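Below are the chains, spelled out letter by letter.
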Amino acid sequence: MSDGNVTGRAIDTLRVLAAEAVQKANSGHPGMPMGCADYAFTLWSRFLRFDPENPDWLGRDRFVLSAGHGSMLLYGLLHLFGYDLTLEDLAQFRQWGSRTPGHPEFGHTQGVEVTTGPLGSGLASAVGMAIGLKQFAARVENPTLFDQRVYVLSSDGCMMEGTSHEACAIAGHQKLDNLVVFYDDNSITIEGPTSLAFSEDVGQRFAAYGWHVIRINGQETHQIESALKEAIAFQGRPKLIIGKTTIGFGAPTMQGSHEVHGAPLGEQELAATKQALGFDPETWFCVPDEVRELCGSIVADKKRAAAEWNRAYGKWRTQHVEKTGLLDALLSRKVPEGILDELLAAVPAKATATRNSGGEIMQRAAALVPALTGGAADLNPSTKTYLKAYPDFAPECRQGRNVHYGVRELGMGLCTNGLALTGHAIPFCSTFAVFADYMKPAIRLAAIQGLHEIFVFTHDSVFVGEDGPTHQPIEHLAMLRSIPGVTTIRPAESNEVAHAWAVALKAKGPVALFLTRQTVPNLAADQLPRIALAKGAYVLSEDAGFEVILIATGSEVGPALGAADLLRQEGRRVRVVSMPSWELFEAQPAAYRETVLPTVCRRRISVEAGTTFGWQRYVGCDGLAIGIDHFGASAPYETLASEYGLTAPAIAARALEYLKA
């Protein structure tokens with residue numbers, strides 16, 4: 001609690017800066033920053049390891065503001081502790097082009113470790129960070145030097161969101177003692193008191209997960225400091241500090257009210273708050289000199305500690321040259337130049353499901369790319385993504401590269417984001433394509449942050465078969481294609497799978513691979529040189545003077561080639577295009593796109609075992625989109641192909657009817 005000393009003055013400065021920025025923007029959330037300023041300043045000033053001159057310093061701890069709506073708390077901390085964020089930046093909170101957006105954005109504001117906003121997502125991503133830091137330390141065999149922690153500030157909303165259960169259960173099971181979470185227990189939500197919809201004992205819940213739980217008054221800095229010391233010292237479990245706070249602390253008439261959660265205090269209340277805290281009501285965005293001096297002294301200490309760590313790191317590198325190769329490969333996320341040829345060498349000779357060939361290709365990829373790590377949502381036997389040559393990540397085996405997430409798709413996706421954010425992993429995760437629904441928030445956040453990670457979705461169409469419509473994806477390709485920044489790839493057969501993995505490993509953002517459950521034939525030997533998957537689409541087969549273009553993806557490429565042969569028997573001239581990725585194709589120069597889909601040929605047919613939504617982009621108003629615009633049914637996949645018109649004869653028949661129209 002503010003007690004008139006300089007530390008209290010600094011804490012109150014955070015409160016005032018947050019309230020002022022929200023008031024000036026006439027938008028934002030002042031309550032949480034005002035209530036959590038005591039904890040945040042104590043953590044940053046006395047415990048968090050960072051270097052503002054090197055925000056990506058390898059020896060730093062991570063701070064995750066899971067309650068991202070309270071972003072002004074983080075921006076105030078970054079300003080006070082010497083990051084490249086000015087008072088003018090604070091004054092431009094939530095404005096066009098500012099470095100202080102409404103919710104923290106990774107890669108946009110220096111010092112922000114993860115994009116947060118959707119409640120619980122930061123907490124779940126932090127679990128992935130904690131996994132990644134433990135794994136990195138074990139793989140380079142130096143858990144003493146690489147003992148970094150992840151500190152999270154979470155809210156009532158984080159605790160209500162289901163992903164907090166998924167991810168925090170994983171953290172407890174994995175005994176992630178490098179994870180310290182502060183729960184801002186202020187008993188307020190937007191609608192009113194949390195008692196309207198939330199009555200569980202969060203501490204008992206987390207204790208059941210296997211966490212060490214500490215309860216404190218979140219406004220008392222001495223209790224906060226003691227709790228953090230206890231959390232750091234306690235080994236073998238993640239830690240939850242439940243801090244009872246008052247939302248909007250310092251606002252004379254509004255503190256403790258839901259009205260201070262998501263709206264400005266108002267000019268009158270802000271002036272009264274500033275006066276009550278000893279600030280001039282007429283002066284805005286001012287940091288007292290004594291606070292500047294205190295924070296400057298703290299920053300100097302942090303820099304000295306960073307320099308000392310850097311010296312120890314340099315000495316270790318010199319003394320352990322044999323370990324630096326792996327370390328540097330992890331930090332650079334190195335992918336060999338000749339990765340495609342290496343992966344093609346792993347392609348099975350026999351026809352098989354693309355999930356099977358994907359699994360074989362992944363084994364080779366893991367041997368060549370040390371940064372590749374990940375796991376499945378209890379589906380490795382089906383998705384084939386288990387890295388056979390490597391152990392499982394576990395409390396007794398932190399170097400393991402296989403992570404078991406259990407049946408927790410959203411938690412898995414957000415943990416995968418956290419792994420990517422550590423900066424030394426190319427993480428993957430896998431499940432059935434239909435369960436991408438559970439993962440949409442994680443995939444979207446991966447795209448917003450531009451994270452290099454790979455989502456492997458198997459059982460990619462109605463040809464899942466007997467499991468029926470609940471397990472047969474229809475709209476899921478369209479969903480993934482609709483997310484900006486996601487590259488979606490649906491390879492036709494095993495050779496295309498190798499090309500897809502080569503693209504995914506070298507990508508700059510998230511990639512989603514859609515792979516089949518059912519066996520699909522490999523392309524003929526004379527067709528293999530034509531493969532240009534990295535360009536998104538390419539001509540696979542054609543006749544001179546073609547009159548119609550068949551465009552297919554994934555398992556429908558084979559039937560499209562068969563349909564083309566049948567059409568040729570009818571005297572039709574056909575071009576067949578394999579289009580595994582819309583996004584890769586759209587990234588090509590217009591001249592290349594014209595060579596594949598020339599505008600002079602207006603008769604075009606798309607074939608894909610999913611919704612036809614979106615295919616008008618490529619077939620045009622005069623084209624024909626063959627697909628499935630309804631849910632599937634429980635039956636063997638061969639029956640479904642026949643019933644839904646996705647066999648070669650059925651496609652040829654539709655094409656002939658279309659060409660005669």
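Here goes a summary of the coordinates provided. Predicted model only: the values in this text are computed from it and were never measured. (Residues numbered from 1 in each chain as written. Predicted model: local features only at pLDDT ≥ 70, side-chain atom pairs only at ≥ 80, totals over all residues. Heavy atoms only, no water.)

## Regarding the overall build of the protein
To be explicit about the condition: Secondary structure is summarised from DSSP: a helix means a run of H or I of at least four residues, a strand means a run of E of at least two, and numbering begins at the N terminus for each. All radius of gyration figures rest on C-alpha atoms, and the globule criterion is 2.2 Å times the number of residues raised to 0.38. In this scheme, a residue with accessible area under 20% of its type's maximum is buried, one over 50% is exposed, and one in between is partly exposed, where area comes from a 1.4 Å probe on protein chains only. Surface accessibility follows the Shrake-Rupley procedure with a 1.4 Å probe radius. Residue values consider only the protein chains on display as shielding.
Scanning the protein from terminus to terminus reveals 25 helices and 18 strands. Whereas a compact globule of 661 residues would reach a radius of gyration of roughly 26 Å, the protein reaches 28 Å, a difference of no more than 12%. With respect to the three principal axes, the spread of C-alpha positions in the protein is 90 × 60 × 45 Å. Per-residue burial over the protein gives 61% buried out of 661 residues. Carbon and sulfur atoms make up 51% of the accessible area of the protein, which amounts to about 24,300 Å² in all.

## Quick look at the sheet that holds strand 9 (residues 426-432)
In plain terms, the rule: At least two DSSP bridges between two strands are required for those strands to pair. Angles here are taken between N-to-C directions and fall from 0 to 180 degrees, while the axes themselves are lines fitted to C-alpha atoms, restricted in helices to the stretch in contact. Contacts: residue pairs with any heavy atoms within 4.5 Å of one another.
Pairing is parallel across the open sheet formed by six strands, whose spatial order is 8-7-9-10-12-11. At either end of the open sheet lies a strand with only one pairing partner, and these are strand 8 (402-404) and strand 11 (487-489). Neighbouring strand axes in the sheet, compared pairwise and without regard to direction, differ in orientation by 20 degrees on average. Across four bridges, the pairing between strand 10 (residues 454-458) and strand 12 (residues 511-514) is parallel. Each bridged residue has a counterpart across the sheet, and for Val 456 the counterpart in strand 12 is Leu 513. Along the sheet, helix 19 (residues 494-505) contacts strand 7 (372-376), strand 9, strand 10, strand 11 and strand 12; its crossing angle with strand 10, the most-contacted strand, is approximately 155 degrees.

## Considerations on the packing of helix 7 (residues 162-174) against helix 8 (residues 202-209)
Applicable threshold: In this scheme, roughly parallel covers angles under 35 degrees and roughly antiparallel covers those over 145, while 65 to 115 is roughly perpendicular and the rest are oblique. Ten residue types, Ala, Val, Leu, Ile, Met, Phe, Trp, Tyr, Cys and Pro, are classed as nonpolar, four, Asp, Glu, Lys and Arg, as charged, and the remainder, Gly among them, as polar.
Two elements in contact, helix 7 and helix 8, have axes separated by 8 Å at closest approach and are oriented at 45 degrees. With respect to their mutual orientation, helix 7 and helix 8 come out oblique. The residues of helix 8 that touch helix 7, namely those facing Ser 164, His 165, Cys 168, Ala 169, Gly 172 and His 173, are Arg 205, Phe 206 and Tyr 209. Residue composition of the contact of helix 7 with helix 8, grouped by class: four nonpolar, four polar and one charged.

## What to know about the environment of Leu 515
You can see Leu 515 is positioned in the loop between strand 12 and strand 13 (519-520). Using a relative accessible area of 3% as the deciding quantity, one classes Leu 515 as buried. Taking the C-alpha atoms as reference, Leu 515 lies 20 Å from Tyr 644; in sequence the two are 129 residues apart. Once residues lying within four places of it in the same chain are set aside, the contact partners of Leu 515 are Thr 354, Arg 355, Val 456, Phe 457, Thr 458, His 459, Asp 460, Pro 491 and Val 497.

## Some remarks on the packing of aromatic side chains
The line we're drawing: Working definition: rings of Phe, Tyr and Trp (its six-membered ring) pair if their centres are within 6.5 Å, and the pair is stacked with planes under 30 degrees apart, edge-to-face with planes over 60 apart, and tilted otherwise.
Summed over all chains, the structure comprises 29 aromatic pairs. Pairing Trp 582 with Trp 615 gives two aromatic rings, centres 5.0 Å apart and planes at 80 degrees, and the pair type is edge-to-face. With a gap of 33 residues between them, Trp 582 in helix 21 (residues 582-586) and Trp 615 in the loop between strand 17 (604-607) and helix 23 (616-619) connect regions that are remote in the sequence. Assessed through its relative accessible area of 9%, Trp 582 is described here as buried.

## Observations concerning helix 10 (residues 267-276)
The following threshold applies: Starting at the helix axis, one direction is taken to each C-beta atom, and the arc is that of these directions.
By the burial criterion, the buried members of helix 10 are Glu 269, Leu 270, Thr 273 and Lys 274. Down the axis of helix 10, the smallest arc covering the buried residues is 135 degrees, so these residues share one side. Turned more than 90 degrees away from the buried face of helix 10 sit Glu 267, Gln 268, Gln 275 and Ala 276, all of them exposed.

## Points about the pattern of salt bridges
Here is the rule we go by: What counts as a salt bridge is simple: a side-chain nitrogen of Lys or Arg found within 4 Å of a carboxyl oxygen of Asp or Glu.
Applying the stated criterion across every chain yields a total of 30 salt bridges. A salt bridge links Arg 304 to Asp 301; the nearest nitrogen and oxygen atoms lie 2.1 Å apart. Of this pair, Arg 304 and Asp 301 both sit in helix 11 (residues 289-319), three residues apart, which is roughly one turn of the helix. The partner of Arg 568 in a salt bridge is Asp 565, and the shortest N-O contact between them spans 3.2 Å. Here the residue Arg 568 and the residue Asp 565 both occupy positions in helix 20 (residues 557-569), the gap between them amounting to three residues, near one helical turn. One network of salt bridges, with partners in common, ties together Asp 12, Arg 15 and Asp 38.

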